[in-house]
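Summary of structural features
Single-letter residue listing:
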Amino acid sequence: MAITRDDVREVAFLSRLEMTEEELDVFTGHLGAILEYASMLSELDTAGVEPTSHAVPVKNVFRDDIVKESFPVDRVLANAPAPYGNFFRVPKIIDEGEGH
């Protein structure tokens, strides 16, 4: 599968990267070489090889929830830039007028 300058231009656009014409040429060559190298994997005999999502076994390690003493509220809020009572004041990020 050959990669074209248009492919690189599209990927750059989607990645929000600005590229000069010279950079498009350079990266077309680099990405083409990477894809050519990766295509060698299709030559491998993978019959009987289990598909994996990780190179090593992964398992969740859970601990028991234990109720214990929390930090005092005044200590937690000591470094807050603008506490509001016993709460952290944060900037509003949702405009309730749009779509809600």
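In this report, the structure presented in the accompanying data block is examined. (Residues numbered from 1 in each chain as written. Predicted model: local features only at pLDDT ≥ 70, side-chain atom pairs only at ≥ 80, totals over all residues. Heavy atoms only, no water.)

What follows covers a nonpolar patch on the surface. There is a patch of nonpolar side chains on the surface, built from F71, V76, F88 and V90 and spanning about 430 Å² of accessible area. A relative accessible area of 55% places F71 in the exposed class. (Patch = residues over 30% accessible without salt bridge, like charges linked within 9 Å, V, L, I, M, F, W, Y side chains within 5 Å. Areas by Shrake-Rupley, 256 points an atom, 1.4 Å probe, with all protein chains shown as cover. Salt bridge = Lys/Arg side-chain N within 4 Å of Asp/Glu carboxyl O. Buried < 20%, exposed > 50% of the residue type's maximum accessible area, 1.4 Å probe, protein only.)

Now for the pattern of salt bridges. The final tally for this structure, using the stated rule, is 4 salt bridges. Between E21 and R5 there is a salt bridge, and its shortest N-O distance comes to 2.7 Å. Here R5 lies in helix α1 (residues 5–14) and E21 lies in helix α2 (residues 21–38), a separation of 16 residues in the sequence. The partly exposed category is assigned to E21, whose relative accessible area is 44%. (Helix = DSSP H or I, 4+ residues; strand = E, 2+ residues; numbered from the N terminus.)

The next subject is the packing of α1 against α2. Running from N to C, α1 and α2 cross one another at 105 degrees; their axes reach a closest spacing of 9 Å. By the angle between their axes, α1 is roughly perpendicular relative to α2. Contacts between α1 and α2 involve R5, V8 and R9 from the former and E21, L24, D25, F27, T28 and L31 from the latter. (Axes fitted to C-alpha atoms, helices over the stretch in contact; angles between N-to-C directions. Parallel < 35°, antiparallel > 145°, perpendicular 65-115°, else oblique. Contact = heavy atoms within 4.5 Å.)

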